[in-house]
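A look at the structure
Each chain, letter by letter, is given below.
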Amino acid sequence: ATPEEKLALLEQMRASLVGESDAVREGVALRTILADRGLSPVHALDLLEAFRRDCTKLRYQDWDELIDYCRYSAMPVGRFVLDVHGESQSLWPANDALCAALQVINHLQDCGKDYRELNRVYIPQALLAGIGIEGLAGDKASPALAGVIAGLARRNADLLARSRPFSQGIKDSRLALEVDLIQTLADDLNTLLMTRDPLSQSVHHSKR
């Protein structure tokens, strides 16, 4: 689909989610369940904003712009899970740090694929000055590009440090255990990204 077609479909989803239309079955279903549980559609609407940006915004200038994207693409997912479990909004800052860190990890893992297949570059343009984005299409990162990726992973470690107490504040024991495991896996992947080249080396966990 063209960006214009995608935006039109996303608008149909938004309208169905907020009750302006019944055109999209999934939007109506979520609207109904949210109403039954007394939950707000705000997190779903935030995600739709991220999807809209994906249709038209292919580059990010700096770290702050990237984190602003994560504000809509990643943070609402964790906030929604917390709301479903009846957890306190006081956990949102820790949640936001973990969700943003996970999104950054994903962007770094798939930086080559995103560029080759989608022409999207989430690595901040300011960091690629003098390097060029074309290097993302290669089979191996240049030393300069590898340094940029490792530097972003080191900066991402600050987010993971902020999210580390997250699970301890969650009342639901099963959710707390899952978040603790996610934190551990994220720490491990982020450490790999400090030393491995995602263009030529595996920086994903196996299913096992």
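The text that follows walks through the structure, step by step, so that each part is easy to find. (Residues numbered from 1 in each chain as written. Predicted model: local features only at pLDDT ≥ 70, side-chain atom pairs only at ≥ 80, totals over all residues. Heavy atoms only, no water.)

Quick word on the pattern of salt bridges
Counted only if it meets this: Salt bridges are defined by distance alone: a side-chain nitrogen of Lys or Arg within 4 Å of a carboxyl oxygen of Asp or Glu. Accessible area is worked out with a 1.4 Å probe on protein chains only. A residue is then buried under 20% of its type maximum, exposed over 50%, and partly exposed in between. Only runs of H or I of at least four residues qualify as helices and only runs of E of at least two qualify as strands under DSSP, and these elements are numbered from the N terminus.
Scanning the entire structure with this criterion turns up eleven salt bridges. A salt bridge links R25 to E26; the nearest nitrogen and oxygen atoms lie 3.4 Å apart. For E26, a relative accessible area of 44% gives the class partly exposed. Taking the shortest distance from any N to any O, the salt bridge between R53 and E49 comes out at 2.9 Å. Placement of both R53 and E49 in helix 3 (residues 42–56) is noted, with a separation of four residues, approximately one turn of the helix.

Some words on the packing of aromatic side chains
For any pair of aromatic rings, the description rests on two quantities: the centre-to-centre distance and the angle between the ring planes. Rules: Here a pair means two rings of Phe, Tyr or Trp (six-membered ring of Trp) with centres within 6.5 Å. Their orientation is stacked below 30 degrees between planes, edge-to-face above 60, and tilted elsewhere. Charge-over-ring placement is defined geometrically: NZ (Lys) or CZ (Arg) within 6 Å of the ring centre, and within 35 degrees of the ring normal.
Applying the stated criterion across every chain yields a total of three aromatic pairs. Between Y60 and Y69 the ring centres are 5.4 Å apart and the planes differ by 50°, which places this aromatic pair in the tilted class. Ring pairing ties together the aromatic residues Y60, Y69 and Y122, which thus form one cluster. The ring of Y60 has K57 lying over it, and the distance from NZ or CZ to the ring centre is 5.0 Å. One residue, R71, lies across the ring of Y72, its end atom 4.9 Å from the ring centre.

Overview of empty space enclosed by the protein
How we decide: Lining residues are those with an atom within 4 Å of a point, where the points come from a 1 Å grid over the protein atoms alone and group into cavities, where a 1.4 Å probe fits but cannot get out, or pockets, open sets with protein on both sides within 12 Å along at least five of seven lines. Grid points are joined across faces, edges and corners, and a volume is the space filled by probe spheres set on the points. Amino acids are sorted into nonpolar (Ala, Val, Leu, Ile, Met, Phe, Trp, Tyr, Cys and Pro), charged (Asp, Glu, Lys and Arg) and polar (every other residue, Gly among them).
Taken as a whole and judged by the stated rule, the model has one cavity of 30 Å³ or more. Counted as a void, the largest cavity has a volume near 30 Å³. Taken together, L66, V104, H107, L108, Y122, I123, P124 and L152 make up the full set of residues lining the largest cavity. With three residues, the single largest contributor to the lining of the largest cavity is helix 6 (residues 92–109). Of the residues contributing to the lining of the largest cavity, the split by class is seven nonpolar, one polar and no charged.

Overview of the side chain of Q109
Rules: Any two residues having at least one pair of non-hydrogen atoms within 4.5 Å are treated as being in contact.
By the secondary structure assignment, Q109 is in helix 6. In this structure Q109 touches L189, L193, P198, V203 and H204, once residues within four positions along its chain are discounted.

Comments concerning the layout of surface pockets
Here the largest pocket defines a volume of roughly 200 Å³. Along the wall of the largest pocket there are 13 residues; nearest its centre are G78, N95, C99, V179 and I182. Looking at the lining of the largest pocket residue by residue, the classes come out as ten nonpolar, two polar and one charged.

A look at the side chain of D54
The test is simple: Asp and Glu are treated as the negative residues and Lys and Arg as the positive ones, with His and the ends of the chain left uncounted.
By the element assignment, D54 lies in helix 3. Notably, D54 is buried but unbridged: the nearest opposite-charge side chain belongs to R120, and the N-O separation is 4.3 Å. Not counting chain neighbours up to four residues away, the residues in contact with D54 comprise Y69, R120 and Y122.

Remarks on the packing of helix 4 (residues 63–73) against helix 6
Selection rule: Each axis is a line fitted through C-alpha atoms, taken for helices only over the stretch in contact, and angles between the N-to-C directions span 0 to 180 degrees. For this classification, under 35 degrees means roughly parallel, over 145 means roughly antiparallel, 65 to 115 means roughly perpendicular, and everything else is oblique. By convention, the crossing between two helices is left-handed when the near helix turns anticlockwise from the far helix through less than a right angle, and right-handed when the turn is clockwise.
Two elements in contact, helix 4 and helix 6, have axes separated by 9 Å at closest approach and are oriented at 110°. On the basis of their axis angle, the class for helix 4 and helix 6 is roughly perpendicular. Both helix 4 and helix 6 take part in a crossing whose hand is right-handed. Two secondary-structure elements touch here, helix 4 through W63, L66, I67, Y69, C70 and S73 and helix 6 through A100, Q103, V104 and H107. Here the contact of helix 4 with helix 6 is built from residues that sort into seven nonpolar, three polar and no charged.

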